[in-house]
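# Analysis of the macromolecular model
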Amino acid sequence: MSPSVVLLSLMIFVMLSAQAQQQPPFDCSTSHHHREFDFWIGKWSVRDSSGKVLGKNAIRKVQNGCALEEQWVSVWGGTGLCINYYHPGSEEWHQLWTDGGASIIELRGGLDAGSMVLEGSIYYLSKSVERKFRGTWTPLVDGRVRQLFEEQDEQGDWEVWFDGFYSKNQ
């Protein structure tokens, strides 16, 4: 290839790259689907059904409203981080969770009768074991949110993995 062809190709690439970067970002905050999980946004105290404190959680919109970021801290010192986003191509919500070395969770799904229901898998790092997993987030009439995680056992039965009630911090 001649030097002039290489130079012309490089100039076209630079112009196209600059033009692509000048495109205004999509404003996800105006998209109905990107707002479906907004009921989970906030700073929360998390308790079990008896009222025992399990930890605290902060969920906030990030990336121009296109994603939700979760930061979890348990009363035992465990931490976790997760990103949730709506993917218009698949028309599903996606969640990717990782914590301080115990597990990776990947889920997909959407709204079902007012609850966000996401299904996929959990991978236990120390055991190298993967199981089917699902999460259900339900807004309650008193302003709390119930987060129910279930794992499928070897026999195919669903067992409760975590059942937390989120109350907004004042």
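Shown above is the structure to which this text applies.
Worth saying up front: this structure is predicted, and the values here are computed from it rather than measured.

### A look at the overall build of the protein chain
- On a plain count of helices and strands, the protein chain comes out with 1 helix and 10 strands.
- Split into buried and exposed, the 170 residues of the protein chain put 35% on the buried side.
- Put simply, 29% of the contacts in the protein chain that link residues at least 6 apart link residues at least 24 apart.
- Total accessible area on the protein chain stands at roughly 10500 Å², and carbon and sulfur atoms take up 56% of it.

### Some thoughts on the side chain of Ser115
- Tracing the sequence through the fold places Ser115 in strand β7 (residues 115-124).
- A polar contact is formed between the side chain of Ser115 and the side chain of Thr138, at a distance of 2.7 Å.
- Sequence-distant contacts of Ser115, defined by excluding residues within four places in its chain, comprise Gly110, Thr136, Trp137 and Thr138.

### With respect to the environment of Phe165
- Inspection of the secondary structure puts Phe165 in strand β10 (residues 158-168).
- The sequence separation of Phe165 and Trp44 amounts to 121 residues, and the corresponding C-alpha distance is 9.2 Å.

### Some words on the packing of aromatic side chains
- Enumeration according to the criterion identifies 14 aromatic pairs in this entry.
- Between the aromatic rings of Phe37 and Trp137, the centroid separation amounts to 5.4 Å while the plane-to-plane angle is 75°, which identifies the pairing as edge-to-face. Of this pair, Phe37 sits in the loop between α1 (3-21) and β1 (42-47) while Trp137 sits in strand β8 (residues 129-139), and the two are 100 residues apart along the sequence. With respect to burial, Phe37 and Trp137 carry one shared label: buried.
- Centroid distance Trp72 to Phe162: 6.1 Å. Interplanar angle 80°. Geometry classified as edge-to-face.

Calculation rules
- Residues numbered from 1 in each chain as written.
- Predicted model: local features only at pLDDT ≥ 70, side-chain atom pairs only at ≥ 80, totals over all residues.
- Heavy atoms only, no water.
- Helix = DSSP H or I, 4+ residues; strand = E, 2+ residues; numbered from the N terminus.
- Buried < 20%, exposed > 50% of the residue type's maximum accessible area, 1.4 Å probe, protein only.
- Contact = heavy atoms within 4.5 Å.
- Areas by Shrake-Rupley, 256 points an atom, 1.4 Å probe, with all protein chains shown as cover.
- Polar contact = N/O pair within 3.5 Å; in protein donor to acceptor, adjacent residues only side chain to side chain.
- Phe/Tyr/Trp six-rings, centres within 6.5 Å; stacked < 30°, edge-to-face > 60°.

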